[in-house]
Amino acid sequence: MPLPHRGRSSRLAGSRGASTSLPRATAHSPRRAGRGAPLPSHAQRLTRRRHFSEQVPPGPEPQADFRSGKWRQERAGGDARDSRRSARAGMGSRHRICSREDIVIPCASDNDSGSVDLQLSNLEDVKKDASSLELTDSDISDIAGLPQESLTDSFRHLTQQGPLSEPIVERLIQSIQEFFNGDLQSELEKLTFLRSLSSLSRALPYAETVGAFIHSHIEDIVHILNVLVEEELLHSLFSPVHQEVFVTIADLSYQDVHLLLGSEDRADFFSLLTKSIITLPPVKTLTQLEEIVPSGSYNTESLYRQTLQAFSEMLQSLVVKDPHLENLDTIFKQMDPWLQSTKDHERERAAVSMAEVLKCSSRHLSLKLPLQFQRLGRLVALMALLCGDPVKEVAEEAAEGTHYLLHITLRLKYVTHDKKDHPSLRRAMKKCQELLELYSINQFYSCPFKIAQVFEVFLNSNELCQFVMTILDGLKNLKHPCTQKSAGELLITLVKNAESRFEKVPEIMGVICARLSIISQPRVRQQIINTVSLFISRPKYTDIVISHLLCHPVPYDRHLAELWRTLDVKLHSTTWILWRLLRKLQKCHNAPTHEKMAYMAVAATDALYEVFVGNRLRAATFRLFPQLLMTLLIQIHHSIGLTMSDVAIPSGLYTEQEMSSQVTPLCFAIQATKTLLLRTLCWQEFNIMEKNKGWTLLEGKDGHLQGISLLANALLERNHLFANKIMYLLVPLLNRGNDKHKLTSAGFFVELLQSPVARRLPSIYSIARLKDWLHHGNNVFKTLALKGLHYLTRHQEMREGIKSLLPCILDLLCETDEKIVLLAIQILLQLVETMDFTTLTAMMKTLFSLFGDVRPDVHRFSMTLFGASIKSVKYTDKKGIENQVLDSLVPLLLYSQDENDAVAEESRQVLTICAQFLKWKLPQEVYCKDPWYIRCGKVGKVCKFFGKKCKGKVNLVAQTLMFSKNAKLPIRRAAVLFAGLLLKYVDHSELRMKGTDWIEKDLRDLLCDPEPSLRIIASQALFQVREAGTEQDPRQTVCGLRKLMGCLST
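Quick caveat, the model's predicted, so the values are computed rather than measured.

Secondary structure assignment for the protein chain yields 52 helices and 6 strands. Counting across all 1050 residues of the protein chain, residues that qualify as buried make up 58%. Sequence-distant contacts, at least 24 apart, represent 74% of the contacts inside the protein chain between residues at least 6 apart.

A few words now on the environment of F866. Structurally, F866 is set in helix α42 (residues 856–872). Take F866: its relative accessible area is 1%, and that puts it in the buried class. Along the chain, F866 and F848 lie 18 residues apart, while their C-alpha atoms are 7.5 Å from each other. Leave out the neighbours within four places in its chain, and F866 touches M844, L847, F851, Q884, S888, V910 and C914.

Within the structure shown, the criterion is met by 15 aromatic pairs. Taken together, a centroid distance of 4.1 Å and an interplanar angle of 20 degrees make the contact between F625 and F722 stacked. Taken together, the residues span a long stretch of sequence, with F625 in helix α29 (residues 625–639) and F722 in helix α34 (residues 720–730) at a distance of 97 residues. Take F722: its relative accessible area is 6%, and that puts it in the buried class. Ring centres 5.4 Å apart and planes at 55 degrees place the aromatic pair F848 and F851 in the tilted group. Members of the aromatic cluster, joined through ring pairs, are F502, F535 and Y541.

Residue P370 is bonded to the preceding L369 through a cis peptide linkage, with omega at 0 degrees. Its place among the elements puts P370 in the loop between α14 (344–363) and α15 (376–387). For the bond from V554 to P555, the omega torsion is -5 degrees, close enough to zero to count as cis. Position of P555 relative to the elements: it lies in the loop between α24 (539–549) and α25 (558–565). With a phi angle near 65 degrees, K919 is a residue other than glycine that sits in the positive phi range. Checked against the element boundaries, K919 lands in the loop between α45 (901–918) and α46 (936–949).

The next subject is the side chain of R538. Positionally, R538 belongs in the loop between α23 (522–537) and α24. Given the relative accessible area of 15%, R538 is considered buried. Sequence-distant contacts of R538, that is, excluding residues within four places in its chain, are made with V495, K496, E499 and S500.

To continue, consider the packing of helix α40 (residues 818–831) against α42. For the pair α40 and α42, the least separation of the axes is 10 Å and the interaxial angle reads 20 degrees. With respect to their mutual orientation, α40 and α42 come out roughly parallel. Pair α40 / α42 crosses with left-handed handedness. Along the contact surface, α40 presents E818, V821, L822, I825, Q826, L828 and L829, while α42 presents D857, V858, F861, S862, T864, L865 and A868.

A separate point is the packing of helix α27 (residues 599–614) against α29. At a closest axis distance of 11 Å, the pairing of α27 and α29 adopts a crossing angle of 135 degrees. On the basis of their axis angle, the class for α27 and α29 is oblique. You can see that α27 and α29 cross each other, and the crossing is left-handed. Every residue of α29 that contacts α27 at A601, T605, L608 and F612 is listed here: L628, L632 and Q635. Counted by class, the contact of α27 with α29 contains 5 nonpolar, 2 polar and no charged residues.

So, about helix α31 (residues 683–691). Along an α-helix, a turn takes 3.6 residues, which lines up residues three or four apart on a common side. Of the residues making up α31, those classed as buried are E685, F686, I688 and M689. All buried residues of α31 lie within an arc of 160 degrees about the axis, which places them on one face of the element. With respect to the buried face of α31, the exposed residues turned more than 90 degrees away are W683 and K691. After α31 finishes, the residue K693 shows a positive phi value of roughly 55 degrees.

Looking now at the nonpolar core. Among the nonpolar cores identified, the biggest contains 313 residues, and F193, F502, F748 and F946 are the most heavily contacted of them. For this core, the element with the highest residue contribution is helix α16 (residues 392–416), accounting for 11 residues. Residues in contact with F193, not counting those within four places in the same chain, are I176, F179, F180, L184, I224, L225 and L228.

In the predicted model, the protein chain carries a mean pLDDT of 78, and 78% of its residues have values of at least 70. The secondary-structure element of the protein chain with the lowest mean pLDDT is strand β1 (residues 10–11), recorded at 33, while helix α30 (residues 665–679) shows the highest, at 96. Under a pLDDT of 50 for its full length, residues 1–160 has, in the predicted model, 406 contacts with residues more than four places off or in other chains. Counting interchain partners and residues more than four positions distant, the pLDDT-below-50 stretch residues 1035–1050 has 4 contacts.

Conventions and cut-offs
- Residues numbered from 1 in each chain as written.
- Predicted model: local features only at pLDDT ≥ 70, side-chain atom pairs only at ≥ 80, totals over all residues.
- Heavy atoms only, no water.
- Helix = DSSP H or I, 4+ residues; strand = E, 2+ residues; numbered from the N terminus.
- Buried < 20%, exposed > 50% of the residue type's maximum accessible area, 1.4 Å probe, protein only.
- Contact = heavy atoms within 4.5 Å.
- Phe/Tyr/Trp six-rings, centres within 6.5 Å; stacked < 30°, edge-to-face > 60°.
- Axes fitted to C-alpha atoms, helices over the stretch in contact; angles between N-to-C directions.
- Parallel < 35°, antiparallel > 145°, perpendicular 65-115°, else oblique.
- Left-handed = near helix turned anticlockwise from the far one by under 90°.
- Nonpolar A, V, L, I, M, F, W, Y, C, P; charged D, E, K, R; others polar.
- Arc of directions from axis to C-beta.
- Core = buried A, V, L, I, M, F, W, Y, C linked by side-chain atoms within 4.5 Å.
- pLDDT = per-residue confidence, 0-100.

Here it is, written out as structure tokens:
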């Protein structure tokens, strides 16, 4: 059966309906109203305007078009767009409404010089009624190419034919009820039901019974229509049922009976309708199918085009009276996935339909608050992406739809803007006008980034976010590289122009990071990275972007590494960005050392490494070198001995397979530090660290401070500028952070005190700080303090301040830590000449107790300082230390036989100083380096010298025997040998008075010593003791001889 023309002629009734013909209600679309031509019926318009076989009459006025000349040509085998050729409304010449206001709402025309300016004063007249914000056709003049149509005119055809008679209405209701109770089997029954329902809609304005009937059966109607569409889905190419469903829904919508809105079931039905038409095969496929399966009495291609146009008419019927834009939002929700379809013909149909909806909406805008259209940003983005579509027809349809969308946006923003923001609206309008005057229409809509420039001024923060997220979704389109290219241009343009008006930046960054792996075009990749650069360079977003980028697994994959390495920011922003990244790491160093390391610390360290490798922030790296180096050294200290299991990794960040045992926090810190030195041209410092195994020292728990010292000295030697900057940086930071933070900072700071610049530091920042460390419970801090004081004593002007610390330093001579004692001695050596006599004598007593210390260096340097102390004694005070000097002779003499050559040599040197102090001239045998037990003759001369010089002053034998118990064999052996030989030169009367038992007891104990040489020497000494005890005093012998001679003479 051929498709009947749906005009004013009677329609066929169904087999179950009345036999009389039913007049068809002609519900018009408002698209042609107001053109001055007679209003035809809906069916007549469908027939005349949409049949492919008929010639489209020219319009009554010249029409400008966005599309190329080819678009307007008659093309055989076209698709959905050919069905709309006659519906194109041109954009005419410039119109202007005169008013006192200067600000206008600009809308572009299609020639370079033409544009339509809408003055703001006319828009302000809309707000006459405080309770309603409605823009009417009288308030806003025609935009070029968009003739305004009155709603009353649009529906004038409903009254031209007169109302339906009551009998006809009753028959229609009866016929429809019969269809409710039965099944629609044949095509004729289905068409009769649909046309009866459409005709009945004519009576809705004046017949209450019709309204009650339809409203009470809406769910039944929706159900039947849903069934019809599902049944026809596979045969939609060969039946007009689909078309009639769309027309029926449109006719009811014009009478405010919406079958697609208001419930979940209706939304599902709407989705089904959309899918059924969008997923139809393209025209070429249709033609091929027609050859295989004849379509009967219908012109398949013509029916195909009419069905598409009926669908578009149905969508438009939903937005004709949509003051809150709620229906537009619903339509866009349905069309959204199809606008992004990977199939060209589906994307083209969606673009055509959306453009028609936007055109209809723009012609019949009558906005009232509250507005329900909440996805403006996404719609603008999708249309802009489609303007760069590789399919030319899709791009041109999107361009036209974008033009109407701009008109809607201007009205919408005026209605919703706050009075307080009136100046900002003026500025936005002015900027928009300037951009439209700059670009021609064709140029404007063929370049998506220019669309972003114009719309950006009107989008709020939430809409901007929608726009960006939609554009980022467009990056997933791998089938069409040009879509990725358009997305990149749109994104970078919008972010450049929108400045700091974005929200949900973390979500945006998340999508960007996820999309990087699928973007293969270098230019688009760089645009996306530049987008991140723009966000990160704005102070408002810097921390947000950095925090999000750091929440990724380390080491970063190649895409994220590329992002860090190729950040493209202006010079004045580089320091800020690097500083904020550095601060992320520094804040982690304030945590207690017993807690797990923050994952942010590891991620920030790896990020710094990538930034150094990329070298895009080179100027900032040089500027922040002191902070960067010290922070990384502190991170190294925190990372020693840790694995990734010691890091507080956020849940879900890693899987077990992704975690590598070779990845440690320490490796990230070391590689970042190395790269920092290389990027800042510290080649020699790097070489010094390599040669002296400095990196190994830094990585070790025991050698970390030694590695710090090596690097600090390398900088001090090779790069004074950096070294001095670091010193001044560390002054306020020495007492901050945890112990590891303080130790690393202190270790570096102390080495820098060698610099001549250190003398400029106020005492409160140098000596006072070191004094506090001297009283610290941690010996490492005491060591660093003494090291720093030692360096400061090299500066003459700072010695006076250090003298106040002498009592504390003297106390440290009794410490068990060898480093502390040695450093204290080094400082005292520098200050010994400035000491007063009391301090000097107290120090000499302490030093004397260190003679023979088991620590060779302590033993040696204590003697050195003792000798220096003797030299520094003033002439008037010499008598006061004479006894101390005499008491030191025997120990020094015996220690000249120490097995440690350095100690032995130092003992001889200090013994010489003591002899000079006493004005003695030592025998040359004292300086003999051979062991005494092989040079007994020379030892005898030494004993004779000291026996004579010390007679009555020092008990040399008692002092010597004290060393017979020394732990060192050479000292014990020398002491026993010296004691035995010395007995020849002691006072025999005193020896007989005290006895020799105490001497013999000590020597007998040595007869059991495991060393044979010592036993032999002890036995010889024992014999000498006994011999000395039996010998008479030589003076008594002389007296006896004198008496004997006297007797003989008498």
